[in-house]
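Below are the chains, spelled out letter by letter.
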Amino acid sequence: MLTGEGQLKMDDLSYRLKVTSQLFDIMSGHGEIDHPLCQECTDIMMKQMEEQLAASERELNTYKKFLDDLEKAPVEDEDELQAELDKLLLLEKERKRELDEVERSREQVSKDLADVMQEQQRLEMHEKQYLKELCEQQFQERSLMDEQQSVDSQLQLAQSHLQTLERTNIFNFCFHIWHQGHFATINGFRLGRLPSVPVDWSEINIAWGQAALLLASLARHINLQFKDYRLVPYGNMSYIETLKDKRRHLPLYGTGGIKFFWDTKFDTAMVAFLELMNQLKQAVEARGYPKELKFPYLMEGDKIGEAAPTGRHARADSDEMSDSSKAKKYSIKTQFNSEEQWTKALKYMLTNLKWALTWVSV
């Protein structure tokens, strides 16, 4: 740094930093001075050297004090020092032994920790498997619960249907006996014919088939085996089989037209049908059912028409009314009979069947 440099640079910050750095190098012995210093630099340098001198003096005083303390300290006995050394060596040996034990314990703990970690991994695998099985079980349980709810719903529906069916009388549902003008009808089919209303024989035959099916169903309902006859419902070609001669079939269907005197099978079948209805009534009376089966029209042989007696005196009243000349009877045969009377007899017969239908419905 030269004294000839302008005073304007003294205020510059970079200039001051440069001056301070050069002074530090000079004071630390890393730089040489080959020119005179300015007053300011000399003052800074003197101040720093005084601070270094004060620090060196303090360090010197500290060393002197420590040296005096050492010179004043009593000299310990060598044996005592040796004993203290031996004691420290034993202590060091004991500490090494304890350290070895701690190290062995640490190794055992590390081994145990590894076993525990392995066991933990195994338990975690088992836990995952358990959770998987649990989820499957819960899913299966929910599926079974859904299935059970579905089965319960189906059971309730089936029970509801069963109760409905129990309240429903199958005979009333399958067989509807009513009337249409002068004709009695069963399931809408007319039974009988008039000169003014020539009902087709196919309809009459179907009506007879329905009547035969109803009577056979009633007999089956009370477990009745007819005597001398077997009723065979076969639609519009139903017939009655005689048990004495099973080859003889009595047809419950007709064809109309002119009949020969000896062609009486259809009439015999209708008379046998009345006999089967009487067997049904007698079986109900003999078995002592709570409710008595009553027919509004008495059936004797081929005749039907007079009011059937009721109560305990049914047989006596029946005999008395049979002898009455005022009783009006209609034959169920077609030979030597008018269509009007035959139709009336059929109407009474279906009326009796309707009463039997009512009896089984109670």
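This text follows the structure it describes.
Residues numbered from 1 in each chain as written. Predicted model: local features only at pLDDT ≥ 70, side-chain atom pairs only at ≥ 80, totals over all residues. Heavy atoms only, no water.

A. Expanded view of the packing of helix H6 (residues 265-286) against helix H8 (residues 339-361). The geometry of H6 relative to H8 is characterised by a closest axis approach of 12 Å and an angle of 30° between their N-to-C directions. The orientation of H6 relative to H8 falls into the category roughly parallel. By crossing handedness, the relation of H6 to H8 is classed as left-handed. On H8, the residues that touch Phe266, Met270, Phe273, Leu274, Met277, Leu280 and Val284 of H6 are Trp342, Met349, Asn352, Leu353, Ala356 and Trp359. Its residues assigned to classes, the contact of H6 with H8 shows 12 nonpolar, 1 polar and no charged. (Axes fitted to C-alpha atoms, helices over the stretch in contact; angles between N-to-C directions. Helix = DSSP H or I, 4+ residues; strand = E, 2+ residues; numbered from the N terminus. Parallel < 35°, antiparallel > 145°, perpendicular 65-115°, else oblique. Left-handed = near helix turned anticlockwise from the far one by under 90°. Contact = heavy atoms within 4.5 Å. Nonpolar A, V, L, I, M, F, W, Y, C, P; charged D, E, K, R; others polar.)

B. Expanded view of the packing of aromatic side chains. This structure, assessed with the given rule, holds 6 aromatic pairs. When the ring of Trp208 is compared with that of Phe273, the centres are 5.2 Å apart and the planes differ by 85°; the resulting orientation is edge-to-face. Note that Trp208 is positioned in helix H5 (residues 201-221) and Phe273 in helix H6, a separation of 65 residues in sequence. There is no split in this pair, since Trp208 and Phe273 are both buried. With 3.9 Å between their ring centres and 10° between their planes, Tyr297 and Tyr348 make a pair best called stacked. You can see Tyr297 sitting in strand E7 (residues 297-300) and its partner Tyr348 sitting in helix H8, a full 51 residues away along the chain. Judged by relative accessible area, Tyr348 falls into the buried class, the value being 14%. By way of ring pairs, the aromatic residues Trp201, Phe266 and Trp342 are connected into one cluster. Arg190 extends its terminal NZ or CZ atom over the ring of Phe183, reaching a point 5.8 Å from the ring centre. (Phe/Tyr/Trp six-rings, centres within 6.5 Å; stacked < 30°, edge-to-face > 60°. Buried < 20%, exposed > 50% of the residue type's maximum accessible area, 1.4 Å probe, protein only. Lys NZ or Arg CZ within 6 Å of the ring centre and 35° of its normal.)

C. Seen up close, unusual backbone geometry. Phi at Asp228 takes a positive value of approximately 70°, unusual for a residue other than glycine. Considering the arrangement of structural elements, one finds Asp228 in the loop between H5 and strand E4 (229-232). The residue Phe336 is not glycine, and still its phi comes out positive at about 55°. Residue classification places Phe336 among the exposed residues on the basis of a relative accessible area of 74%.

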